[in-house]
Every structure is written in structure tokens, then in C-alpha cells.
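These are the residues of each chain, in order.
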Amino acid sequence: MRRVVIVGSGFAGFTCARKLCRILSRSDEDVEVVLVSPTDYHLYTPLLPDVAGGLIDPRFVAISLTDTLPRVKLVIGKVDAVDLDGKTVTITGEGDTRTELSWDRLVLTPGSVTRLFDVPGLSEHARGLKTIAEAVYLREHFLRQLELADHETDPAVRQALRTVVVVGASYAGTELIAQLRALADAYARRRGFDPTEIRFLLLDTADRVMPEVGNRLGDNALSVLRDRGIDIRLQTSLRELTEDQVVLTDDTVVPTRTVAWVTGVTGAPLLTGLDLPMERGRLVVDTSLRVPSHPDVFAGGDAAAVPDVTNPGKITPPTAQHATRQGKALARNVAASVGVGVAKPYKHRDMGLVVDLGPRFAVANPLGVHLSGFPAKAITRAYHTFAVSRGVNRWAITLSYLTNVVTPRPLSTLGLVDSGEASFTGSEGIPEHH
Ligand SMILES: Cc1cc2nc3c(=O)[nH]c(=O)nc-3n(C[C@H](O)[C@H](O)[C@H](O)COP(=O)(O)OP(=O)(O)OC[C@H]3O[C@@H](n4cnc5c(N)ncnc54)[C@H](O)[C@@H]3O)c2cc1C
């Protein structure tokens, strides 16, 4: 029996595993599909801002692999090393056990991690938004600061506890700050103080917010967010972070206890040890998603620099939209490589982006049509609920949104994730000295 090993259960790996099993089930080829993943779920990352804002429960964005991929052999663990010539992977599992697994075809889809910069104090005092641990921690940590502020007698410390800094004004950071603002508003209303006492700062080195959605929608979002009391500072980032303050690049000192770093991504740490050609932190592949020097190795999603044939000279952006479709292309091309069907180059024209910006507002540019306000909100919610790959998760997410129409988002904390588990190393696996 031949074996295909898929590394990572993100959009690319999950979709590849699902489709590959379907293709193989219609053939006589004896091929085992193994999926190696540190979690037993596929994470629907686009809704992490809603989790951080307490709008939806973290379990609803975790799609069970056991329920959705019954024919795939699931190995819970992390691939630490790949022997490209000996055709094996080494996996570290529960309790640091190490297993070696051989493969006939290898699919590298370990995705990406938060891109960190050499800013003193960054990894100690900021948290990202790539995992459930980070989203849950951000929400609970922030609510805890609000609770502490209620009893704080020193006005300066109270203001620091009631200040949030988000770095990164592309869509993920902007969605995050909009959701945290909504959470803060709900808290202040319940506690009977003025929500504007909770201060929000959004920073970016660029001169626009969300360049991905174009100038018009970006400007629209900027003015709505400013109306909500979010202080947006462009061409500004962080110079230094300590436990109780940040220093901006324009030397402004902002006392705060809550800093989110959402400035973009780079390929997963596994990739750097492979000794394969990389482009902008991603593995070089051809249009069939094959690693050129190793025809039995495929890669896709955020981990791969996939040529964008609709945009010659460019690579596809790191989005779930591309990763999902690349997952399908990977399945087709891997199946073809074991004698089932024919391979095809990857080609997908970008369909645009939907960005949920909290209560009653969103922007979206589906197929180049620029929308904001209610129509964008309806499309954004419909798109995400449809795109989640399991019916019961879709149902739970829809119910959460409906519940929020009639009752404010919950404000209790469970304290299940500690600061270390939510750190860039603890949750994303970024080596301490990146
Ligand atoms: C907050 C946020 C919001 C976003 N919103 C959108 C959006 O609205 N629309 C959109 O198109 N995109 C969005 N994205 C981008 C999107 O999430 C990514 O492009 C997408 O997840 C990439 O899919 P992937 O399969 O390549 O990688 P991932 O989804 O990152 O999955 C990679 C998987 O591999 C696993 N892995 C890593 N290393 C190893 C290893 N060594 N061994 C085994 N497994 C490993 C990881 O644990 C992970 O499960 C958003 C991202 C974030 C963070």
C-alpha cells in the first residue's frame, strides 16, 4: 500500500485530505491517507476576531477531524523533521514521543505563523491572533483588566487597564479591534460607565487601513472606526513594550496591559529546516503545486509561494480562499501522481474579501463590487457561515449571531488559557529566538 502524508489540518491540508479520500474511493488504487496535525480539529481562522470579541464560542470555529474525515488516518502531533531522500517524517506527539513515518507522497501544508520583528518586549508582552488559545486569551485577559479597573483607585493605572493597543491595520487586526471595541462597549454599558473611558489604539506602518479592500472601502472603514472612538495612527508602530506600557515609533508612551500584534504572517517554522528554495518565507512550488526538485513532494496554502497564473510574476496571497482551492488542486494532482485522474495547474481568480467590522458594519468587495454597511454585513455573515466546513458548526455560529441580536455578548471568563500557552512560542510554535 502506498502512503500520502499530509502535514497540517488548515484550509489547504484539510481540504486536500477530504477531496483526496473522495477521489481515491472511486478508484482501485490502494493508498493510505495520513494527516498529521497538532490539533484534532481544523480551525476556521477568519472567525477568530469574533471569538476574541466573545461573539462566538471557540468550539464553534473548531471543526472536528474525526467527524469530517473518517477515512483519513489521523496522527496527532507535529512534524519536526523531513527526510526528503529517505522519504520519512519525524513526528513529535503526546508526551514528547517521537515516531518516524514513511511516505510515498508528501503534502506540505503547515501554513504560517505571526511575523515578529525585533521589537524589545514583543514576544513577552504582546499576543497574536492565529490560534484558539490566542483568541480566548485576548478576550479573557482584556475582560480581566476591565474588572480590575473597576476597583482601581489610581486614575492613571485605571486608564492603563482600560487601554488596548492593536498593531496591524490589515483586515485581521481591524476586525479584531472592532470586536474588542464591541466587547468593551457591552461591558461598560453593563457596569454603567461611559464606554469612551476604554481607549483603543490601532497602529500600522502603512498609510492606509486594509489596503486589501481598496481606497474607497478603506476610507469608509477608517471613518466608521474613528466614529467608534478608535484612535487610528498610521505610519506608526511600536518601538518597545514593557509589562505596563508601550512606546510608539513617534516616542509617544501609552500605558497599557493589553497589546495584540497582528501584522502579517510568514511560513511555518518547519519550512526553514527543509533546505528547499523559499520565496518570502514560503516554499517555492510550480503551478502544479509540486516542489520542483522533488516530484513526490507537494505544497500549498500559506506555506507555499504558488505562482498566480491570473497575475503573472506574482504569487497568490496568503488567504483561506486560495488555501482551500489549493487544497483541492493538491488532492487532484497527488491523486494523478499515483495514477488516478489527471493533474491540472492551479488557477483561481481572487473573488475579493469580506471584512466584518463589528455591530452593524462590514465592508466587502465580492467580484470587484464595492459594498459597505448592511449589504456587506449580510454578505460577510452569509459567506462565513457557508464557508465553514461542517453543518453543526454552521448551525452553532448562526445561532450565536441570532442570540446576539436579542442579548448582549457574554462577559464571563473561564481562565482556561494562561499567558504562556497563548504566547507566540506556546501557541504558534515560533522558536523563542526567531
Ligand atoms: C485572524 C485571521 C483572520 C483571517 N481572515 C481571513 C478571511 O476573512 N479570508 C481569508 O481568505 N483568509 C483569512 N485569513 C487567512 C487564512 O486564515 C489563512 O490564509 C489560511 O488559514 C491558510 O491556510 P493553510 O492551510 O495554508 O494554513 P493554516 O490554516 O495556518 O493551517 C496550517 C496547519 O498546519 C499545522 N502545522 C503547522 N506546523 C506543523 C507541523 N510542523 N506539523 C504538523 N502540523 C503543523 C498548524 O497547526 C495548522 O493547523 C485570516 C487569518 C487570520 C489569522
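Thresholds applied
Going along each chain's sequence as written, the residues are numbered from 1 onward. Where local features are concerned, this predicted model is filtered to residues with pLDDT of at least 70; where side-chain atom pairs are given and counted, the filter is 80 or more; whole-chain, interface and lining totals use all residues. Neither water nor hydrogens contribute to the side-chain values; these are computed over all heavy atoms in the structure. Strands are runs of DSSP state E lasting at least 2 residues, helices are runs of H or I lasting at least 4, and numbering of each runs from the N terminus. Working rule for contacts: check all heavy atoms of both residues, and any pair within 4.5 Å makes them a contact. To estimate the expected span of a helix, subtract one from its residue number and multiply by 1.5 Å. Accessible area is worked out with a 1.4 Å probe on protein chains only. A residue is then buried under 20% of its type maximum, exposed over 50%, and partly exposed in between. Within the patch definition used here, like charges are joined within 9 Å and nonpolar side chains (Val, Leu, Ile, Met, Phe, Trp, Tyr) within 5 Å, considering only residues with over 30% relative accessible area and no salt bridge. Areas reported here follow the Shrake-Rupley algorithm with a probe of radius 1.4 Å; residue values treat only the protein chains shown as occluding. For salt bridges, the criterion is a side-chain nitrogen of Lys or Arg within 4 Å of an Asp or Glu carboxyl oxygen. Charge counting follows a simple rule: Lys and Arg are positive, Asp and Glu are negative, and His as well as the terminal groups are ignored. The atoms used to mark charge sites are NZ of Lys, CZ of Arg, CG of Asp and CD of Glu. Polar contacts here mean pairs of N or O atoms no more than 3.5 Å apart (in protein, one a potential hydrogen donor and the other a potential acceptor; neighbouring residues in sequence count only if both atoms are side-chain atoms). As used here, the arc is the angular range of directions from the helix axis to the C-beta atoms.

**Q** Summarise the side chain of Ser389; cite the residues concerned and give the values.
**A** Secondary-structure assignment places Ser389 in the loop between helix H11 (374–387) and helix H12 (391–406). Each residue touching Ser389, except ones within four places of it in the same chain, is listed here: Phe14, Arg18, His42, Ile63, Thr68 and Arg394.

**Q** Summarise helix H7 (residues 171–191); cite the residues concerned and give the values.
**A** When the terminal C-alpha atoms of H7 are compared, their 30 Å separation across 21 residues agrees well with the 30 Å that a helix rising 1.5 Å per residue should span. The buried count for H7 comes to 16 of 21 residues, which makes it a mostly enclosed element.

**Q** Talk me through a positive patch on the surface; I want residue IDs and the actual numbers.
**A** Together, Lys19, Arg22, Arg26, Arg71, Lys328 and Lys344 line one region of the surface with positive charge. Relative to the elements of secondary structure, Arg26 occurs in the loop between helix H1 (11–25) and strand E2 (31–37).

**Q** If you had to explain the side chain of His141 to someone new, which residues and values would you point to?
**A** Mapped onto the fold, His141 is located in helix H5 (residues 132–150). Among the polar contacts made by the side chain of His141, one reaches the side chain of Thr258 at a distance of 3.5 Å. Setting aside anything within four residues of it in sequence, one finds His141 in contact with Arg257 and Thr258.

**Q** If you had to explain the environment of Thr45 to someone new, which residues and values would you point to?
**A** Inspection of the secondary structure puts Thr45 in the loop between strand E3 (41–43) and helix H2 (48–52). Considered as a pair, Thr45 and Phe11 are 34 residues apart in the sequence and their alpha carbons are 9.2 Å apart. Excluding residues that lie within four positions of it along the chain, Thr45 makes contacts with Phe11 and Lys130.

**Q** Please set out H11 residue by residue, giving values where relevant.
**A** With 14 residues, H11 extends 20 Å from end C-alpha to end C-alpha; this agrees with the ideal 20 Å at 1.5 Å per step. Among the residues making up H11, those that are buried are Ala376, Lys377, Thr380, His384 and Thr385. Buried residues of H11 fall within an arc of 155 degrees about the axis and therefore sit on the same side. In this structure, H11 carries Phe374 and Phe386 as exposed residues pointing more than 90 degrees from its buried face. Those residues of H11 that are buried are in contact with strand E24 (354–356), strand E25 (362–364), strand E26 (371–372) and H12.

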